[in-house]
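Each chain, written out:
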Amino acid sequence: STERTLILLKPDAVRRSLRGEILRRIEAKGYSILALDQREATQELLAQHYAEHEGKPFYGPLVDFMSSGPVVAILAEGEGVIAGFRSLAGATNPTQAAPGSIRGDLAREWDTAVIQNLVHGSDSEESAAREIAIWFPEQG
Ligand code: CMP
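These numbers come from a predicted model, not from an experiment. (Residues numbered from 1 in each chain as written. Predicted model: local features only at pLDDT ≥ 70, side-chain atom pairs only at ≥ 80, totals over all residues.)

Student: Would you explain unusual backbone geometry in this entry?
Tutor: Most of the time, phi is negative for any residue but glycine, and the peptide bond is trans. Positive phi, close to 55°, is recorded for serine 17, a residue that is not glycine. With respect to the secondary-structure elements, serine 17 resides in the loop between α1 (11-15) and α2 (19-28). Positive phi values are uncommon outside glycine, yet leucine 118 reaches one of about 70°. By secondary structure assignment, the location of leucine 118 is in the loop between α6 (102-106) and β4 (119-121). (Helix = DSSP H or I, 4+ residues; strand = E, 2+ residues; numbered from the N terminus.)

Quick look at the structure:
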(Lines give C-alpha, C1' and ligand atoms only; values in the text may rest on other atoms or scores of the structure.)
Protein backbone atom coordinates (compact mmCIF):
# COMPACT_ATOMS: atom_id res chain seq x y z
CA SER A 1 0.00 0.00 0.00
CA THR A 2 1.03 3.62 -0.38
CA GLU A 3 2.70 4.71 2.82
CA ARG A 4 4.42 7.75 4.26
CA THR A 5 7.62 7.66 6.27
CA LEU A 6 9.89 10.06 8.10
CA ILE A 7 13.48 10.10 6.89
CA LEU A 8 16.25 12.08 8.55
CA LEU A 9 19.61 12.89 7.02
CA LYS A 10 21.68 13.05 10.19
CA PRO A 11 24.42 15.62 10.94
CA ASP A 12 27.14 13.27 9.64
CA ALA A 13 25.40 13.15 6.25
CA VAL A 14 25.19 16.95 6.09
CA ARG A 15 28.81 17.40 7.29
CA ARG A 16 30.08 14.95 4.70
CA SER A 17 28.09 16.57 1.87
CA LEU A 18 26.18 13.35 1.20
CA ARG A 19 22.71 14.93 0.99
CA GLY A 20 22.61 14.80 -2.80
CA GLU A 21 23.90 11.24 -2.96
CA ILE A 22 21.31 10.03 -0.45
CA LEU A 23 18.43 12.00 -1.98
CA ARG A 24 19.43 10.61 -5.38
CA ARG A 25 19.00 7.07 -4.08
CA ILE A 26 15.58 7.87 -2.57
CA GLU A 27 14.36 9.47 -5.80
CA ALA A 28 15.95 6.84 -8.07
CA LYS A 29 14.00 4.18 -6.18
CA GLY A 30 10.83 6.07 -7.15
CA TYR A 31 9.76 7.43 -3.79
CA SER A 32 8.12 10.84 -3.71
CA ILE A 33 9.52 13.57 -1.50
CA LEU A 34 6.49 15.47 -0.18
CA ALA A 35 8.40 17.79 2.13
CA LEU A 36 12.03 18.47 2.91
CA ASP A 37 13.47 20.80 5.51
CA GLN A 38 16.98 21.39 6.85
CA ARG A 39 16.98 22.49 10.45
CA GLU A 40 18.77 22.39 13.80
CA ALA A 41 16.87 19.87 15.90
CA THR A 42 16.01 21.19 19.35
CA GLN A 43 16.60 19.11 22.49
CA GLU A 44 12.84 19.02 23.02
CA LEU A 45 12.16 17.66 19.55
CA LEU A 46 14.91 15.04 19.89
CA ALA A 47 13.60 13.98 23.30
CA GLN A 48 10.22 13.31 21.68
CA HIS A 49 11.70 11.59 18.65
CA TYR A 50 13.98 9.31 20.70
CA ALA A 51 11.65 8.78 23.70
CA GLU A 52 11.96 4.99 23.37
CA HIS A 53 15.74 5.18 23.85
CA GLU A 54 15.68 7.32 27.01
CA GLY A 55 17.78 5.62 29.69
CA LYS A 56 19.91 3.62 27.26
CA PRO A 57 23.69 4.14 27.51
CA PHE A 58 23.86 5.75 24.07
CA TYR A 59 20.96 8.15 24.65
CA GLY A 60 23.08 11.15 25.77
CA PRO A 61 25.66 10.72 22.98
CA LEU A 62 22.82 10.20 20.50
CA VAL A 63 21.08 13.47 21.42
CA ASP A 64 24.45 15.29 21.42
CA PHE A 65 25.25 13.87 17.99
CA MET A 66 21.84 14.71 16.55
CA SER A 67 22.15 18.29 17.78
CA SER A 68 25.77 18.70 16.62
CA GLY A 69 24.69 20.25 13.32
CA PRO A 70 21.76 20.58 10.96
CA VAL A 71 19.63 17.61 9.96
CA VAL A 72 17.40 17.29 6.92
CA ALA A 73 13.89 16.07 7.67
CA ILE A 74 12.11 14.41 4.76
CA LEU A 75 8.51 13.29 4.40
CA ALA A 76 8.54 10.56 1.77
CA GLU A 77 5.72 8.61 0.17
CA GLY A 78 5.56 5.44 -1.87
CA GLU A 79 4.49 1.83 -2.17
CA GLY A 80 5.98 0.08 0.86
CA VAL A 81 8.27 3.02 1.57
CA ILE A 82 8.59 2.28 5.31
CA ALA A 83 10.32 -1.10 4.90
CA GLY A 84 11.67 -0.04 1.52
CA PHE A 85 13.65 2.86 2.88
CA ARG A 86 14.94 0.75 5.81
CA SER A 87 16.20 -1.66 3.17
CA LEU A 88 17.83 1.16 1.17
CA ALA A 89 19.46 2.38 4.40
CA GLY A 90 20.90 -1.00 5.43
CA ALA A 91 21.68 -2.34 8.89
CA THR A 92 21.89 0.10 11.84
CA ASN A 93 25.57 -0.67 12.36
CA PRO A 94 27.39 0.52 9.23
CA THR A 95 30.10 -2.08 9.69
CA GLN A 96 27.41 -4.74 9.18
CA ALA A 97 25.38 -2.96 6.50
CA ALA A 98 25.36 -4.64 3.10
CA PRO A 99 27.15 -3.12 0.13
CA GLY A 100 24.58 -1.40 -2.07
CA SER A 101 22.85 0.15 0.93
CA ILE A 102 23.33 3.78 1.99
CA ARG A 103 25.13 2.79 5.18
CA GLY A 104 26.96 -0.10 3.57
CA ASP A 105 28.33 2.07 0.80
CA LEU A 106 28.85 5.37 2.58
CA ALA A 107 29.27 4.88 6.34
CA ARG A 108 31.62 3.21 8.72
CA GLU A 109 31.83 3.33 12.49
CA TRP A 110 34.18 5.92 13.91
CA ASP A 111 32.60 6.96 17.20
CA THR A 112 32.36 4.44 20.04
CA ALA A 113 29.70 6.33 22.03
CA VAL A 114 26.99 6.41 19.37
CA ILE A 115 26.56 4.82 15.99
CA GLN A 116 26.77 7.48 13.28
CA ASN A 117 24.86 5.99 10.40
CA LEU A 118 23.86 8.89 8.13
CA VAL A 119 20.11 8.32 8.02
CA HIS A 120 17.03 7.51 10.05
CA GLY A 121 13.86 5.91 8.73
CA SER A 122 10.66 5.13 10.62
CA ASP A 123 10.48 1.42 11.47
CA SER A 124 6.70 0.83 11.36
CA GLU A 125 3.42 2.49 10.40
CA GLU A 126 2.94 3.49 14.04
CA SER A 127 6.42 5.02 14.25
CA ALA A 128 5.90 6.81 10.95
CA ALA A 129 2.65 8.42 12.12
CA ARG A 130 4.24 9.43 15.43
CA GLU A 131 7.44 10.79 13.87
CA ILE A 132 5.69 12.66 11.04
CA ALA A 133 3.54 14.39 13.67
CA ILE A 134 6.73 15.44 15.50
CA TRP A 135 8.73 16.68 12.49
CA PHE A 136 5.95 17.86 10.17
CA PRO A 137 3.03 18.72 12.45
CA GLU A 138 1.41 20.74 9.66
CA GLN A 139 1.20 17.61 7.48
CA GLY A 140 -1.01 15.74 10.00
P1 CMP B 1 18.26 5.21 14.55
O2 CMP B 1 17.76 3.84 14.32
O3 CMP B 1 17.96 6.27 13.60
O4 CMP B 1 17.74 5.68 15.98
C5 CMP B 1 18.41 5.26 17.15
C6 CMP B 1 19.84 5.55 16.97
O7 CMP B 1 20.65 5.27 18.09
C8 CMP B 1 20.39 4.67 15.86
O9 CMP B 1 19.88 5.13 14.66
C10 CMP B 1 21.86 4.83 16.10
O11 CMP B 1 22.34 6.08 15.62
C12 CMP B 1 21.92 4.85 17.63
N13 CMP B 1 22.12 3.52 18.20
C14 CMP B 1 21.26 2.49 18.19
N15 CMP B 1 21.77 1.44 18.85
C16 CMP B 1 22.98 1.81 19.30
C17 CMP B 1 23.99 1.17 20.06
N18 CMP B 1 23.85 -0.09 20.49
N19 CMP B 1 25.09 1.87 20.35
C20 CMP B 1 25.24 3.15 19.94
N21 CMP B 1 24.31 3.82 19.21
C22 CMP B 1 23.19 3.15 18.90
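Student: Help me out: how do you make sense of the UniProt feature "active site" (unreviewed entry) in the chain in this one?
Tutor: Feature annotation in UniProt places "active site" (unreviewed entry) on His120, given in this structure's numbering. Secondary-structure assignment places histidine 120 in strand β4. Given 23 C-beta atoms within 10 Å, histidine 120 falls into the buried group. Once you skip the residues sitting within four places of it in the chain, histidine 120 turns out to touch Ile7, Leu8 and Lys10. (UniProt positions renumbered as here; feature names shortened; annotations may be inferred. Buried ≥ 20, exposed ≤ 12 C-beta atoms within 10 Å, placed from the backbone. Contact = placed C-beta atoms within 7 Å.)

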